[in-house]
Amino acid sequence: KASSLTPGTGLAGAIAINPSACGSPSTLDWAFYIVRNGVPPCYTKKGFGPFAKKRLESVSILNDKRRAIMKTHEKHLYLAMVGVRKKLQGKGIGGNLLRALCSTADSLGV
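Residues numbered from 1 in each chain as written. Predicted model: local features only at pLDDT ≥ 70, side-chain atom pairs only at ≥ 80, totals over all residues. Heavy atoms only, no water.

**A closer look at the nonpolar core**
Ala12, Ile15, Val84, Leu88, Ile93, Leu97 and Leu101 form the largest nonpolar core, which has seven residues in total. Looking at this core, the elements that each hand over two or more residues are strand 2 (10-19) and helix 4 (93-108). Sorting elements by how many residues they give to this core places helix 4 first, with three residues. (Core = buried A, V, L, I, M, F, W, Y, C linked by side-chain atoms within 4.5 Å. Buried < 20%, exposed > 50% of the residue type's maximum accessible area, 1.4 Å probe, protein only. Helix = DSSP H or I, 4+ residues; strand = E, 2+ residues; numbered from the N terminus.)

This is how it looks when you write it as structure tokens:
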């Protein structure tokens, strides 16, 4: 993950990247996660909307599809998410994050 901080505003933007070496979490990994962090709040608390659980579970479908498509590409970086705070959009923050990603990809030879 990468993020961008703007003085006085805190977190301005973030990207999430999955490298080709990133494996899938096992059932044991998920069990340890739940023991350490608890059940994801959309399963136990209100306020996440009626479809929050379904959205969370659909992420695994996207990950499976990504893995199938990228299987033939030995080295890659997958941009899973990019976002910038609404009030800070249009100021080049997203572009800075993407340039950092491209620089990282170039340095890795991806």
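**Focus: the packing of aromatic side chains**
Taken as a whole, this structure holds one aromatic pair when the rule is applied. Arranged with centres 6.0 Å apart and planes meeting at 80°, the rings of Trp30 and Tyr33 form a pair that is edge-to-face. Here Trp30 pairs with Tyr33, and both are found in helix 1 (residues 27-37), just three residues apart, close to one helical turn. Judged by relative accessible area, Trp30 falls into the partly exposed class, the value being 47%. A residue is classified by how much of its surface remains accessible, and Tyr33, at 34% relative accessible area, is partly exposed. Taking the ring centre of Tyr78 as reference, the NZ or CZ of Arg66 above it sits at 5.1 Å. (Phe/Tyr/Trp six-rings, centres within 6.5 Å; stacked < 30°, edge-to-face > 60°. Lys NZ or Arg CZ within 6 Å of the ring centre and 35° of its normal.)

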